[in-house]
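Overview (structure and organization)
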Amino acid sequence: MRRETLVTMSLLSTVEMAPKDPIFGLSEQFGLSTVPNKVNLCVGVYLDETGKLPLLNCVQAAEKLVLNESKARGYLPMDGLASYDAAVKGLVFGADSAVVSEGRVATVQAIGGTGGLKVGADFLYRMNAAGAASSGGQPKVLISDPSWENHRALFTNAGFVVETYPYYEAGRRGINAEAMFGALETTEAGTIVVLHACCHNPTGCELNADQWARVVDIVKSRGLVPFLDMAYQGFGEGIVEDGAVVNMFVAAGLDFLVSTSFSKSFALYGERVGALSVVCSSAGDASKVLSQLKIAIRTNYSNPPTHGASVVATVLNTPELRSMWEAELGNMRVRIKAMRLALANGLVAAGVTDDVSYITEQSGMFSYSGLSESQMKRLRDEFGVFGLDSGRICVAALNDGNIAHVCASIAAVM
């Protein structure tokens, strides 16, 4: 009797190779490049004038205080370190904010700004899915065109249909605000709209105060759900100035979400220190929202880590360290602006005849350079200057030692 051989296929043998991350994939390529004088302008990381990642003095001082306490490392509550959550509320909404004193803000510690967005996306999908199903639709999220790439991935993976609203217009090297307003004015009630509170990533182009007021009015009149992403507070014009948009939504009496990050402002990238805050109509609503956020956290990572949050809380809650941090953050902000001006002036000196004043008008760590995908590829392959295919470069990675090469290289491909 012939014996038949069973051929079985492993489940894992069907796994396909995933595409590389558009940002970190290029950083891997940068590491392998042999082009001399190469410069990495891909990743959103602030580097000092020597091209190094800084360790802030306020962070070093806070770490000494934290380590001297020598506490056991038990689990934190699901919503994180209480002193950290309180400090975040004070920073984001202001020390004298009525929504905070009235208990109308539910804040949870998150694993970086990305973690805050993830928890918020999962929470909103749970709240929206039942209503959307009963109406025969599917919950929708709008992000800016363009936006940080992970915005689309996070909300898509949470279950949302993700579409865009107009924002940047290449021809004008800036925002098409009227197109943005028009799109939002025709958006269905209940749609979640992701907005960059300051230092727009990737373009660096900002709405002015009047335009923000128009956005707030439209969001309120249309019954939209605003989700503010504020990963760069203090990198634009200042802590208070960059947070002004949050208070505009508060003043309008809206319920909304804010994701925040301390990766950049404290140079604590690897510690993954972030938060999610949800502004509610009442303290009772905030209590119920917090209970639902805890479920989202429990089913994602259960509890946040201790060290980074302890450092940030110590700095924000210690007047001397808080002043030290604000000064160091101000120095980073001033250096970024100086590099913007040096980039614009350097391009002109290198022979670029196009108007490059838009570079100095942009805000934050990033600049939409206006270069095409083919030009960005030439920059990488021929000159070792690495930026994204979209033309985004990280201005915060420029310094006196590399800017001449960067300007000459950009001029060569323009």
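As the structure is a computational prediction, the values presented were derived from the model and not from experiment.

This part is about the side chain of S409. Mapped onto the secondary structure, S409 falls in helix α16 (residues 403-413). Discounting residues that sit within four places of it in the chain, S409 has contacts with L379, F383 and V385.

As a further point, take the pattern of salt bridges. All chains considered together, the criterion is met by 13 salt bridges. Across the pair E69 and K71 runs a salt bridge whose closest N-O atoms are separated by 3.7 Å. Note on K71: relative accessible area 59%, which makes it exposed. E382 serves as the salt-bridge partner of R378, at 3.0 Å between the closest nitrogen and oxygen. Of this pair, R378 and E382 both sit in helix α15 (residues 373-383), four residues apart, roughly one helical turn. On the basis of relative accessible area, R378 is assigned to the partly exposed category, the value being 34%.

Together, L11, L12 and V15 make up an exposed nonpolar region whose accessible area comes to about 370 Å². With respect to the element layout, L11 can be found in the segment before α1 (24-32). Owing to a relative accessible area of 69%, L11 belongs among the exposed residues under this scheme.

Under the definition given, this model contains 12 aromatic pairs. On the basis of an interplanar angle of 85° and a centroid distance of 5.3 Å, the ring pair of F30 and F386 is categorised as edge-to-face. One end of the pair, F30, is in helix α1; the other, F386, is in strand β12 (residues 385-386), and 356 residues separate them in sequence. Residue F30 shares its accessibility class with F386, and that shared class is buried. Relative to Y368, the ring of Y168 has its centre 4.9 Å away and its plane inclined at 85°; by these criteria the two rings are edge-to-face. Here the residue Y168 occupies a position in strand β5 (residues 168-169), and Y368 occupies one in strand β11 (residues 366-368), the gap between them amounting to 200 residues. Here Y168 matches Y368 in class, with each residue buried. Over the face of the ring belonging to F30 we find K38, whose NZ or CZ atom lies 4.7 Å from the ring centre. Over the ring of F366 we find R392; its NZ or CZ atom is 3.9 Å from the centre of that ring.

Spatial ordering of the open sheet is given by β2-β10-β9-β8-β7-β3-β4, a layout of seven strands whose pairing is mixed. The sheet is open, and its two edges are formed by β2 (105-111) and β4 (161-166), each paired on a single side. Along the sheet, successive strands turn relative to each other by an average axial angle of 25°, direction set aside. In this structure, strand β7 (residues 192-196) lies alongside strand β8 (residues 225-230), joined through five bridges in parallel fashion. Each residue of the ladder has a partner; that of V194, found in β8, is F227. Relative to the sheet, helix α6 (residues 149-158) contacts β3 (140-145), β4, β7 and β8, its axis offset from that of β4 by approximately 145°.

Here the focus is the pairing of strand β10 (residues 273-279). Counting buried positions along β10 gives seven out of seven residues, so the element sits mostly inside the fold. As paired elements, β2 and β10 share seven bridges and run antiparallel to each other. Of the residues in β10, the one forming a bridge with I111 is V273. Inspection of the sheet shows strand β9 (residues 256-261) paired to β10 by six bridges, in the antiparallel sense. Bridge pairing in β10 places S259 opposite L276.

Bringing unusual backbone geometry into the picture now. Cis geometry is found at the peptide bond from D145 to P146, where omega equals 5°. Positionally, P146 belongs in the loop between β3 and α6. Residue P202 is reached from N201 by a cis peptide bond, and omega for that bond is 25°. Here P202 lies in the loop between β7 and α8 (209-222).

Moving on: the side chain of N402. Residue placement: N402 occurs in the loop between β13 (392-394) and α16. N402 sits in the buried class, given a relative accessible area of 12%. With residues near it in sequence (within four places) discarded, N402 still touches V39 and A397.

A residue-level look at the protein finds 96% of positions with pLDDT of 70 or above and a mean pLDDT of 91. Across the protein, element-level confidence peaks in β10 with a mean pLDDT of 98 and bottoms out in α1 with 80.

Rules behind the numbers
Residues numbered from 1 in each chain as written. Predicted model: local features only at pLDDT ≥ 70, side-chain atom pairs only at ≥ 80, totals over all residues. Heavy atoms only, no water. Helix = DSSP H or I, 4+ residues; strand = E, 2+ residues; numbered from the N terminus. Contact = heavy atoms within 4.5 Å. Salt bridge = Lys/Arg side-chain N within 4 Å of Asp/Glu carboxyl O. Buried < 20%, exposed > 50% of the residue type's maximum accessible area, 1.4 Å probe, protein only. Patch = residues over 30% accessible without salt bridge, like charges linked within 9 Å, V, L, I, M, F, W, Y side chains within 5 Å. Areas by Shrake-Rupley, 256 points an atom, 1.4 Å probe, with all protein chains shown as cover. Phe/Tyr/Trp six-rings, centres within 6.5 Å; stacked < 30°, edge-to-face > 60°. Lys NZ or Arg CZ within 6 Å of the ring centre and 35° of its normal. Pairing = 2+ DSSP bridges. Axes fitted to C-alpha atoms, helices over the stretch in contact; angles between N-to-C directions. pLDDT = per-residue confidence, 0-100.

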